[in-house]
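# Per-entry structural report
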Amino acid sequence: TVYFNVPRGYAALLDHLATDEALQQTFFARLDMLFYAAAALPQSLWDRLESLGLKVRGRKVPFVSSWGLTETSPLVTMVHFPIDRPGNIGVPAPGNSVRLVPDGDKLEIRVKGPNVTPGYFKSPELTAKAFDEQGWLKTGDAVRFADPVDPAQGLLFDGRTAENFKLTSGTWVNVGMLRPAVIGAGAPVIEDAVVTGHDRDEIGLLIFPSLAGLRGLCPDLGADAKLDDMVGRPAVREALAAGLARHNAVAQGSSMRIARCLLLTEPPGIDANEITDKGYLNQRAVLTRRAALVERLHADPPSAEIIEIA
């Protein structure tokens, strides 16, 4: 009656749910609630799950979410009210308190509660660094108010405090807001993406494609087609460029506009710390490990594999 998963898990599930009506009936038959956490859920995944639930049940299956860390065993905030779009992580659970501390243009969320660890085993130095001068656990995660006038409407997850960067114009790029937006705009091509552009003139994307999405755009290659065979196909490149161009058409300023992107064929590696144990894409690790690809993405003139966005 309740289904729990991380956004990457929902993406994998939808590859099968979208085409298997028997699975749709089995999955939604008794389902009362969908739960997600660990990372931002792209709007496109939310919409697809909501549509399938409406198709099978005749009503929308409600989503809920929460937020926390291993050190908070396991949650601090939770959604206990209806939400109509992804991103809301709710309000502090009973017994928990949060403190919002400015960090650049973001608000870091810090926490206290009986479920918060007192420290790291035999690591006094690491423990000291984990807490601020008032005893709040520093999380490195950023949030913002869903409604600045009414905190009871919950907090929105806003990425990591260290993810943001500036363009050469001095404009800050809010990765936590931009990344889910472009993933949704680039459906069905994009499964996940890393935002690039630190100290550069414009924003780029390193894109991890959706295998199922690309196969849907390349039916002539068959159900076993490989990424290497599909990323260069005109249908794939055109669908991606069109989706991101629509995003750009409504984007508010240079901090949200995508100038170019590169489709990758090597998936993010858990062993390389590109994927966390919760299934969240580690932006910093991907940028570090694939620095040569970032240089290729932003080189001028762009090579043939780079997709330029209007």
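These remarks concern the structure in this document.

### Things to note about the sheet that holds strand S9 (residues 155-160)
Taken together, 9 strands build an open sheet; the order of strands is S1-S2-S3-S4-S5-S9-S8-S7-S6 and the sheet is mixed. What marks the edges here is a single partner per strand, and that holds for strand S1 (2-5) and strand S6 (97-103).

### Examining the pairing of strand S13 (residues 203-209)
Extensive coverage of S13 is indicated by the burial of 7 of its 7 residues. Along S13, one buried face is formed by Ile203, Leu205, Ile207 and Pro209 and the opposite face, lined by Gly204, Leu206 and Phe208, is buried too. Bridge analysis of strand S12 (residues 190-196) against S13 gives 6 bridges, and the strand direction is antiparallel. Within S13, the position partnered with Ala193 by the bridge is Ile207. Taking the residues that link successive antiparallel strands as the turn, the S12-S13 hairpin has 6 residues, and the phi of Gly197 there is positive, at about 135 degrees.

### Side note on the pairing of strand S3 (residues 63-67)
Along S3, 5 of the 5 residues are buried, which leaves the element largely enclosed by surrounding structure. The side-chain alternation of S3 yields two buried faces, one formed by Phe63, Ser65 and Trp67 and the other by Val64 and Ser66. In this sheet, S3 lies alongside strand S2 (residues 33-36) in parallel orientation, the contact comprising 3 bridges. In the strand pairing of S3, Phe35 is matched with Val64. Since S2 and S3 lie parallel, the crossover through helix H3 (residues 43-57) that links them has a hand, and here it is right-handed.

### Describing the layout of surface pockets
Put simply, the second largest pocket is a space of about 500 Å³. In terms of lining, the second largest pocket is formed by 23 residues, of which the most central are Gln43, Arg85, Pro86, Gly87 and Arg144. At the level of secondary structure, the elements contributing two or more residues to the lining of the second largest pocket comprise S9 and helix H5 (175-185). Counting residues per element, the lining of the second largest pocket draws most heavily on H5, at 5 residues. A breakdown of the residues in the lining of the second largest pocket according to their chemical character gives 14 nonpolar, 6 polar and 3 charged.

### Some thoughts on helix H8 (residues 234-250)
Under the 1.5 Å per step criterion, the end-to-end length of H8 is 25 Å for 17 residues, consistent within 8% with the ideal 24 Å. All of the buried residues in H8 are Val236, Leu240, Gly243, Leu244, His247 and Asn248. On an axial view of H8, the arc spanned by its buried residues comes to 145 degrees, and they lie on one face. In H8, the exposed positions angled more than 90 degrees off the buried face are occupied by Glu238, Arg246, Ala249 and Val250.

### What to know about helix H10 (residues 291-298)
Since the α-helix advances by 3.6 residues per turn, residues separated by three or four positions end up pointing in the same direction. Along H10, the residues that are buried comprise Leu293, Val294, Leu297 and His298. With its buried residues spanning 125 degrees around the axis, H10 presents them on a single face. Those residues of H10 that are buried are in contact with S12, S13, strand S14 (258-263) and helix H9 (283-289).

### Thoughts on the state of the cysteines
Summed over all chains, the structure comprises 0 disulfides. The structure places no disulfide on Cys218, whose sulfur is separated from the nearest cysteine sulfur, that of Cys261, by 15 Å. Its relative accessible area of 1% is what places Cys218 among the buried residues. Note on Cys261: relative accessible area 0%, which makes it buried.

### Things to note about the packing of aromatic side chains
The final tally for this structure, using the stated rule, is 6 aromatic pairs. Judged by centre distance (5.0 Å) and plane angle (45 degrees), the rings of Phe4 and Phe35 are tilted. Of this pair, Phe4 sits in strand S1 while Phe35 sits in strand S2; the two residues are 31 residues apart in sequence, bridging distant segments of the chain. When its relative accessible area of 54% is taken as the criterion, Phe4 is described as exposed. By relative accessible area, which is 16% here, Phe35 ends up buried. Between Phe27 and Phe28, the ring centres sit 4.9 Å apart and the planes meet at 85 degrees, which makes this aromatic pair edge-to-face. According to the relative accessible area criterion, Phe27 is buried, its value standing at 15%. On the basis of relative accessibility, which here comes to 0%, the residue Phe28 falls in the buried class.

### Some thoughts on the nonpolar core
Leu205, Leu240 and Leu244 are the most contacted members of the largest nonpolar core, which has 30 residues in total. Of all the secondary structure elements, the ones that give two or more residues to this core are H5, S12, S13, H8 and S14. Per-element tally for this core: the top contributor is H5, with 5 residues. What Leu244 contacts, discounting residues up to four positions off in sequence, is Val182, Ala185, Leu205, Ile258, Cys261 and Ile309. Membership of the second largest hydrophobic core comes to 25 residues, among which are Ala11, Phe28, Leu31 and Phe63.

The rules behind these values
- Residues numbered from 1 in each chain as written.
- Predicted model: local features only at pLDDT ≥ 70, side-chain atom pairs only at ≥ 80, totals over all residues.
- Heavy atoms only, no water.
- Pairing = 2+ DSSP bridges.
- Helix = DSSP H or I, 4+ residues; strand = E, 2+ residues; numbered from the N terminus.
- Buried < 20%, exposed > 50% of the residue type's maximum accessible area, 1.4 Å probe, protein only.
- Right-handed = clockwise from strand over helix to strand, strands pointing away.
- 1 Å grid on protein atoms, 1.4 Å probe; cavity = no way out; pocket = protein on both sides within 12 Å on 5 of 7 lines; lining within 4 Å.
- Points joined across faces, edges and corners; volume = space filled by probe spheres on them.
- Nonpolar A, V, L, I, M, F, W, Y, C, P; charged D, E, K, R; others polar.
- Expected span 1.5 Å × (residues − 1).
- Arc of directions from axis to C-beta.
- Contact = heavy atoms within 4.5 Å.
- Disulfide = S-S within 2.5 Å.
- Phe/Tyr/Trp six-rings, centres within 6.5 Å; stacked < 30°, edge-to-face > 60°.
- Core = buried A, V, L, I, M, F, W, Y, C linked by side-chain atoms within 4.5 Å.

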